[in-house]
Amino acid sequence: FKSLRCHFREKTDLQHRLAAADYSRYAENWCEAKQLTTGDYVRIPINTAVAETGDPVYAELFGFYVSEGNTWQYERFAKRPIDTYRGVDFSFHRDEVELAERTITLLHELGYTRTHTYLRKNNVRLVRVNSAELADRLERDGGRLAAHKKLSTTVMGWSPLTQKRLLESWLEGDGTFSKRHS
């Protein structure tokens, strides 16, 4: 409501000036902060409009990124083309062969064919793709490093079906759900 009120004040036409003067007419159950008492609830309007359908294939890959992925960059090769030395890793358990194969399929469907799979000594099956473009997009849509990952407003504006595909792959990876802590 605060940003809407500021918007009304910034406008100079009569309709907006009247709206700023009598804001309660434009916001249901509006009251000023000084009128709040203990036990009152404050609601913040959330935009629930679907801004775009979103790409279901990218949404599924993005779910794996949020649960299993990280971006990387090799600084020591900075003189060479950066696309070759920046990319994304998806770290699965060595027995999660189907998830690794599904990730590779999704990457290929999106046009990222420079993929490699490694089986590490620490029981990790690593899927690596060399693409600065994909790394930038995933970071923009979901953040970087586990502690800083979150869904961007773009992702929150995807259609419910596309978001469902994202959540399914997120939970299929390391994402968890607990009835006790939901």
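Going by the structure above, here's the rest.
What counts, and where the lines are drawn
Residues numbered from 1 in each chain as written. Predicted model: local features only at pLDDT ≥ 70, side-chain atom pairs only at ≥ 80, totals over all residues. Heavy atoms only, no water. Helix = DSSP H or I, 4+ residues; strand = E, 2+ residues; numbered from the N terminus. Buried < 20%, exposed > 50% of the residue type's maximum accessible area, 1.4 Å probe, protein only. Contact = heavy atoms within 4.5 Å. Areas by Shrake-Rupley, 256 points an atom, 1.4 Å probe, with all protein chains shown as cover. Pairing = 2+ DSSP bridges. Axes fitted to C-alpha atoms, helices over the stretch in contact; angles between N-to-C directions.

When you go through the protein chain residue by residue, the secondary structure sums to seven helices and four strands. The linear arrangement of helices and strands in the protein chain, starting from the amino end, is α-α-α-β-β-α-β-β-α-α-α. Within the span of the protein chain, comprising 182 residues, buried residues form 36% of the whole. A sequence separation of at least 24 residues applies to 60% of the contacts in the protein chain between residues at least 6 apart. For the protein chain, the computed accessible surface area is about 12500 Å², with 52% contributed by carbon and sulfur atoms.

What follows covers the pairing of strand E2 (residues 86-93). Counting buried positions along E2 gives six out of eight residues, so the element sits mostly inside the fold. Where strand E1 (residues 69-73) and E2 come together, five bridges link them in antiparallel fashion. If you follow Gln73 over to E2, its bridge partner there is Arg86. As paired elements, E2 and strand E4 (residues 124-130) share seven bridges and run antiparallel to each other. What sits directly across from Phe92, in E4, is Arg125.

Here four strands make up an open sheet; going across it, the order is E1-E2-E4-E3 and the pairing antiparallel. One side of each edge strand has no neighbouring strand; the edge strands of this open sheet are E1 and strand E3 (115-119). In this sheet, adjacent strand axes meet at a mean angle of 25 degrees when their direction is disregarded. As paired strands, E3 and E4 are joined by five bridges and run antiparallel to one another. Directly across from His116, in E4, lies its bridge partner Arg128. Against the sheet, helix H4 (residues 97-109) contacts E2, E3 and E4, and its axis sits at roughly 5 degrees relative to E4.

The values reported here are purely geometric and, on their own, carry no functional implication.
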